[in-house]
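Here is how the chains run, residue by residue.
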Amino acid sequence: NASDLKTVQDYIEKYRATPNPAYTGVAKNKNVFVIHLESFQQFLINYKVDGQEVTPNLNKLVADQNTLSFDNFFNQVGQGKTSDAEMMLENSLFGLPSGSAMSLYGTANTFEAAPAILGQQGYTTAVMHGGKGSFWNRKNTYKSWGYDFFFDLADYTNKKGFYLNYGLKDKLFLKQSSKYIEQLPQPFYTKIITVTNHYPYPLDKENQQIVKTDTGDSTVDGYVQTAHYLDQALGEFIQYLKDTGLYNNSLIMMYGDHYGISGNHKKASAQLFGQKTFDDFDNLQFQRVPLIFHMPGLKGGVNHTYGGEIDVLPTLLNLLGVNNENTIQFGNDLLSSANRQIVAQRNGDFVTPKYSKVSTAYYYTQTGKKIKKPTKEEKDELATIANSVTSELSLSDRVITGDLLRFYEPKWFKKIDKSKYSYTVKDT
Ligand code: GP9
Ligand code: MN
């Protein structure tokens, strides 16, 4: 009920980090491309197989002086995988402890999502995905989030050999997306969801343009190949943006949604890094995924702040100069010096610049050494962090399971009328 909302609001206001004013509005009224890099982990950046870069295009992008990237940025998904990433990125709300929040609550709940917020700032908003529109209940959830358009598999040409695993192959998908992109009134906000780099990483022969790794674990070894393919697709897409001039008036944001190599492949993971072992601590650190912002004129560099997917929306809204006061968002601006840098995992584990927790074990983040006998001071610090992790996760769950945003009516935000969104999805 409404008093639950007050509890949530009090918590959020207590820890809200004032956004970094040096970045406020630097991307005002720019088009925004949000590019979802399927199963893409941070370690792939600058990783080489047999001397060959797996992701030359992303490496070049990250090194660009107008690219701001984060190297201590973590995925925070649970069972909802891609859908949890989408929920966090566009609402700054966590996925649920089990199941997918988009599937369970996406249709009925009230949201204050990025497309709704930006739509009210004059943006046209669209999602493009070469997979089935019913997957993860996207077709309904996107209406609740205020997306003007959703282009799914049915809106793309799908000839023999175009489709692989969960959707159109990324190169074909991105190429065909141009016809929709070019029709969007500017400024636009468009989320482009890639899919080829998805478990179990199959790829047709002609697109295999880098050798597999040789750990002997058949699912792990294909990962670099599909990641390389995704990188090539991105390279072509960036070239397209340059050719059309969109590159010059757009902010490009890219993120990896979650791991590609799960914790069930520790032996192979150790081999990827020439390590003897790969323990729970290593696996937690392995949850890093890229977060990249590129825009001509953007003050770039590699930022080492610890953060996660929950923090993206406030960071993005600050770059776009959109007022974000009093919002029900659990994340904070990653560029703010007041960001507490406590990165929750959905299961209650956490990472901070100082400490990492995996189930009942604590480690020093910088060395990976287990904390066997914490001092009194360390104990207190760890308890404080653990408390705030539990609080933010459970309060976020209350927002979703109690549909609390229906009670929230800030003056600056008009609630989304779902019935006004008429796009249909033909695969069901
Ligand atoms: C399918 C895709 C995959 O449309 O987004 O989702 P995932 O299996 O990664 O959660
Ligand atoms: Mn995914």
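Since the structure is predicted, the reported quantities are computational estimates derived from the model, not experimental observations. (Residues numbered from 1 in each chain as written. Chains lettered and ligands numbered in written order. Predicted model: local features only at pLDDT ≥ 70, side-chain atom pairs only at ≥ 80, totals over all residues. Heavy atoms only, no water.)

1. Quick look at the site of ligand 1
Around ligand 1 lies a shell formed by E38, K81, T82, H129, F135, W136, R138, V195, H198 and H258. In this structure, H129 approaches ligand 1 through a side-chain N or O atom, which is 2.7 Å from an oxygen atom. When ligand 1 is considered free in solution it has 310 Å² of accessible area, and contact with the protein chains removes 95% of it. In terms of residue class, the shell around ligand 1 is built from three nonpolar, four polar and three charged. (Near = heavy atom within 4 Å. Polar contact = N/O pair within 3.5 Å; in protein donor to acceptor, adjacent residues only side chain to side chain. Areas by Shrake-Rupley, 256 points an atom, 1.4 Å probe, with all protein chains shown as cover. Nonpolar A, V, L, I, M, F, W, Y, C, P; charged D, E, K, R; others polar.)

2. As for the coordination of the manganese ion (ligand 2)
Ideal coordination angles are 109.5 degrees for a metal with four donors arranged tetrahedrally and 90 or 180 degrees for a metal with six donors arranged octahedrally. Coordination of the manganese ion (ligand 2) by the protein involves E38 (OE), E38 (OE), T82 (OG1), D257 (OD) and H258 (NE2), with metal-donor separations of 2.0 to 2.7 Å. Viewed at the metal, the six donor atoms of the manganese ion (ligand 2) are separated by angles of 53 to 167°, and the geometry they form is irregular. Read in sequence order, the donor residues coordinating the manganese ion (ligand 2) give the pattern E-x43-T-x174-D-H. Of this pair, E38 sits in the loop between β1 (31-37) and β2 (48-49) while T82 sits in helix α3 (residues 81-91); the two residues are 44 residues apart in sequence, bridging distant segments of the chain. This pair shows no difference in class: E38 is buried, exactly as T82 is. (Donors = N, O, S within 2.8 Å, 3.2 Å for Na, K, Ca; no water. Tetrahedral: all angles 85-135°; square planar, octahedral: opposite > 155°, others 65-115°. Helix = DSSP H or I, 4+ residues; strand = E, 2+ residues; numbered from the N terminus. Buried < 20%, exposed > 50% of the residue type's maximum accessible area, 1.4 Å probe, protein only.)

3. Quick word on the nonpolar core
The biggest cluster of nonpolar side chains holds 73 residues, and the ones touching the most others in it are Y142, Y189, M253, L291, F293, L320 and F330. The dominant element in this core, judged by the number of residues it contributes, is helix α12 (residues 376-401), at seven residues. Setting aside chain neighbours within four positions, we find F330 in contact with V8, Y11, I12, S92, L93, F94, I310, E392, L395, S396 and V399. Counting residues in each nonpolar core, the second largest holds 51 residues, with F33, L44, V54 and I292 among its members. (Core = buried A, V, L, I, M, F, W, Y, C linked by side-chain atoms within 4.5 Å. Contact = heavy atoms within 4.5 Å.)

4. Structural notes on the packing of aromatic side chains
Under the counting rule described, the total for this entry stands at 31 aromatic pairs. Note on Y47 and F273: the rings are 6.1 Å apart at their centroids and 70° apart in plane angle, and the pair reads as edge-to-face. Of this pair, Y47 sits in the loop between β1 and β2 while F273 sits in the loop between α9 (266-272) and α10 (280-285), placing them 226 residues apart in sequence. Here Y47 falls in the buried class, since its relative accessible area comes to 13%. On the numbers, 6.4 Å between centres and 80° between planes, the contact of F150 with Y423 is edge-to-face. One end of the pair, F150, is in strand β7 (residues 149-151); the other, Y423, is in the segment after α12, and 273 residues separate them in sequence. As far as the burial class goes, F150 and Y423 line up, both buried. Each member of the aromatic cluster is reached from another via a ring pair, and the members are F43, Y47, Y199, Y201, Y223, F273, F278 and F286. The cationic tip of K143 hangs over the ring face of Y423; the distance from NZ or CZ to the ring centre is 5.3 Å. Residue placement shows R340 over the ring face of Y15; its charged tip is 3.7 Å from the ring centre. (Phe/Tyr/Trp six-rings, centres within 6.5 Å; stacked < 30°, edge-to-face > 60°. Lys NZ or Arg CZ within 6 Å of the ring centre and 35° of its normal.)

5. Focus on the side chain of T194
Residue placement: T194 occurs in the loop between β10 (188-193) and α8 (218-244). Residue T194 is classed as buried on the basis of its relative accessible area, which comes to 0%. Among the polar contacts made by the side chain of T194, one reaches the main-chain carbonyl oxygen of H36 at a distance of 2.7 Å. In this structure the side chain of T194 is engaged in a polar contact, spanning 3.2 Å, whose partner is the backbone nitrogen of E38. Residue contacts for T194: discarding those within four places in its chain leaves I35, H36, L37, E38, D170, F173 and L230.

6. Looking at the environment of L272
Looking at the secondary structure, you find L272 in helix α9. As a C-alpha pair, L272 and T215 span 57 residues in sequence and 7.2 Å in three-dimensional space. The contacts of L272, once residues within four sequence positions are left out, are F43, Y47, T213, T215, V220 and I261.

7. As for the UniProt feature "binding site: substrate" (unreviewed entry) in the chain
Per the UniProt record, the feature "binding site: substrate" (unreviewed entry) sits at H198. As for its position among the elements, H198 is in the loop between β10 and α8. The class of H198 is buried, set by a relative accessible area of 17%. Beyond its immediate chain neighbours, meaning those up to four positions away, H198 contacts E38, S39, N165 and Y166. (UniProt positions renumbered as here; feature names shortened; annotations may be inferred.)

8. Focus on the side chain of S250
Checked against the element boundaries, S250 lands in strand β11 (residues 250-256). Of note is the side chain of S250, whose polar atom sits 2.7 Å from the backbone oxygen of L246. Those residues within four positions of S250 in sequence are excluded, and the remaining contacts are K30, N31, F33, H294, M295 and P296.

9. Digging into the pattern of salt bridges
Scanning the entire structure with this criterion turns up 16 salt bridges. The salt bridge partner of K376 is D380, with a shortest N-O separation of 2.7 Å. Of this pair, K376 and D380 are both found in helix α12, four residues apart, which corresponds to roughly one turn of the helix. With its nearest N and O atoms 3.5 Å apart, the salt bridge here joins K415 to E409. (Salt bridge = Lys/Arg side-chain N within 4 Å of Asp/Glu carboxyl O.)

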